[in-house]
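The lines below spell out each chain.
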Amino acid sequence: MSGDSDCTRTSPSAGSPSDNELLPDRPKYVCSLSPDLITKAREELQEKPEWRLRDVQALRDMVCKDYPSLGTCLDDAFLLRFLRARKFDYDRALQLLVNYHTCRRSWPEVFNNLKPSAIKPVLESGFVTVLPRLDPEGRHVVCIRPDRWTPSNYPITENIRAIYLTLEKLIQSEETQVNGIVILADYKGVSLSKASHFGPFVAKKVIGILQDGFPIRIKAVNIINEPRIFKGIFAIIKPFLKEKIANRFFLHGCDLNSLHQNIPPVILPEEYGGTSGKLDISPWNELLLASEEDFLCDFSQLVLPCDSSPHDMLVSGDADEKQCDDSLRGMKPQLYYCY
C-alpha cells in the first residue's frame, strides 16, 4: 500500500515534461494471478488485462479531481483492490475508496493505533483466525468465535480491530481480491449479556464497513451453533444488510452435515467435524504479528488532512447515533424474548 498521495503530481496528463520529472516513483504493478484467475476476473469482475492500467489511471484521475485532499495511496496495486471489488465500475470504485477512508476517520476507537501488536490479546484468545486451507473456490475461511471473548477484559471494539486487520492482511493477495472470502462464525455459548454489547450502533458501523467501506468480496457467512439469542442479534443486523448479502447468510444450528454442504470437511478442523486436525490459531497469529512494520508503513499514509473532516468525504449516509440508541431500546425486548 505504499505510495504518494499528492494528487497534483500523479496524473501523467497534467503538466509539462519538466513536471513529469517530479512524479513519484511508484511500484510497478506485476500481475500475480494465474491464467485461470485472469479468466475468472474477466468473466466475473469485467477485468480486462489489456485495459487494467488504463482503468487504474482513470480511477486515480477521478480521485485527484474530485477528492484531492483524500490522503490516499494511489499505487496501481492498491487502487486495483477497489476496482475489483466493484467490478471495474469507476464511480462505484471511487465511492468505495472514499467510504474506506471515511470509515477509518469516523471511528477512532477502532482505527487509532491500529496495528497487530495492539490487538495481541484478541489474537491469543482465538476470537478470530483464518483456517490454513482454502475452500474449493480458492477462498480463505475466516473463523470467528465470540465465545472466546470476555467482555471484562477489553471492549468489543478490540474484536472489531482484530477482524479489520485480518481482512487487511487477506486483501493484500490478488487471489483473495478475485475469489473473495468465506466467514465461519461459531456462536456457541453466546449469552444475552455478551450479545447486548453488539447493539444497532455497533452493528451499523461494522456492516457499513464490510458492505460499503472495505474492498473485499464476502461470498458466504456460515453461522454454526447459534443459540436462540441469535434471532435477536440477527434482528439487529438484518435492517442494515443489503439483500444480496443477507442471502449469503446460512444458519446451520448444530447440524454439521449442513455446514459441510458449504464448507467441505477436508478443510475444517476437528471441532467442526473436519479432518484437518485440531484448530491451531498460532500460524495466523504469527503471520499477522510479523506484518507489524508493513501495517505501520501502509497506515501511515492514511492520515486526515488538516483542512478536511470525515463528513466532507462521506458518500453514503451514516445512521444517526440517536436513532441507533432508540433502535437499541426497541431491540432489547426481542433479545430477552429470544433468550
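Residues numbered from 1 in each chain as written. Predicted model: local features only at pLDDT ≥ 70, side-chain atom pairs only at ≥ 80, totals over all residues. Heavy atoms only, no water.

- Going by what an unreviewed UniProt entry lists, the protein chain is known as TTPAL protein and is assigned to Aramus guarauna.

### Considerations on helix α5 (residues 90-106)
Inference 1: The terminal C-alpha atoms of α5, which comprises 17 residues, lie 24 Å apart, in line with the 24 Å expected from a rise of 1.5 Å per residue.
Inference 2: In terms of burial, α5 is largely enclosed, as 12 of its 17 residues are buried.
Inference 3: When we look at burial in α5, the residues that qualify are A93, L94, L96, L97, V98, N99, Y100, H101, T102, C103, R104 and R105.
Inference 4: Capping the start of α5, D89 holds a side-chain oxygen 3.1 Å from the backbone nitrogen of D91, two or three residues further along. (Helix = DSSP H or I, 4+ residues; strand = E, 2+ residues; numbered from the N terminus. Expected span 1.5 Å × (residues − 1). Buried < 20%, exposed > 50% of the residue type's maximum accessible area, 1.4 Å probe, protein only. Polar contact = N/O pair within 3.5 Å; in protein donor to acceptor, adjacent residues only side chain to side chain.)

### Regarding the nonpolar core
Inference 1: Ranked by internal contacts, the top residues of the largest apolar core, which has 77 residues, are W107, I181, F198, F214, I233 and L241.
Inference 2: Among all residues touching I181, those that are not within four sequence positions of it are R139, H140, V142, L167, L170, T176, I216, R217, I218, K219 and A220.
Inference 3: Counting residues in each nonpolar core, the second largest holds 13 residues, with C143, V182, I224 and Y272 among its members. (Core = buried A, V, L, I, M, F, W, Y, C linked by side-chain atoms within 4.5 Å. Contact = heavy atoms within 4.5 Å.)

### A look at the pairing of strand β4 (residues 218-224)
Inference 1: Among the seven residues of β4, six are classified as buried, and the element is accordingly described as predominantly covered.
Inference 2: Of the pairings in the sheet, the one linking strand β3 (residues 181-186) to β4 comprises six bridges and is parallel in character. Looking across to β4, one finds that A185 is bridged to I223.
Inference 3: Pairing of β4 with strand β5 (residues 249-251), which is carried by three bridges, proceeds in the parallel orientation. Counterpart to I223 in the pairing with β5 is L251. (Pairing = 2+ DSSP bridges.)

### Describing unusual backbone geometry
Inference 1: Phi at F88 is positive, roughly 60 degrees, even though this residue is not glycine.
Inference 2: On the secondary structure map, F88 appears in the loop between α4 (76-85) and α5.
Inference 3: Unusually for a residue other than glycine, N225 sits at a positive phi of about 60 degrees.

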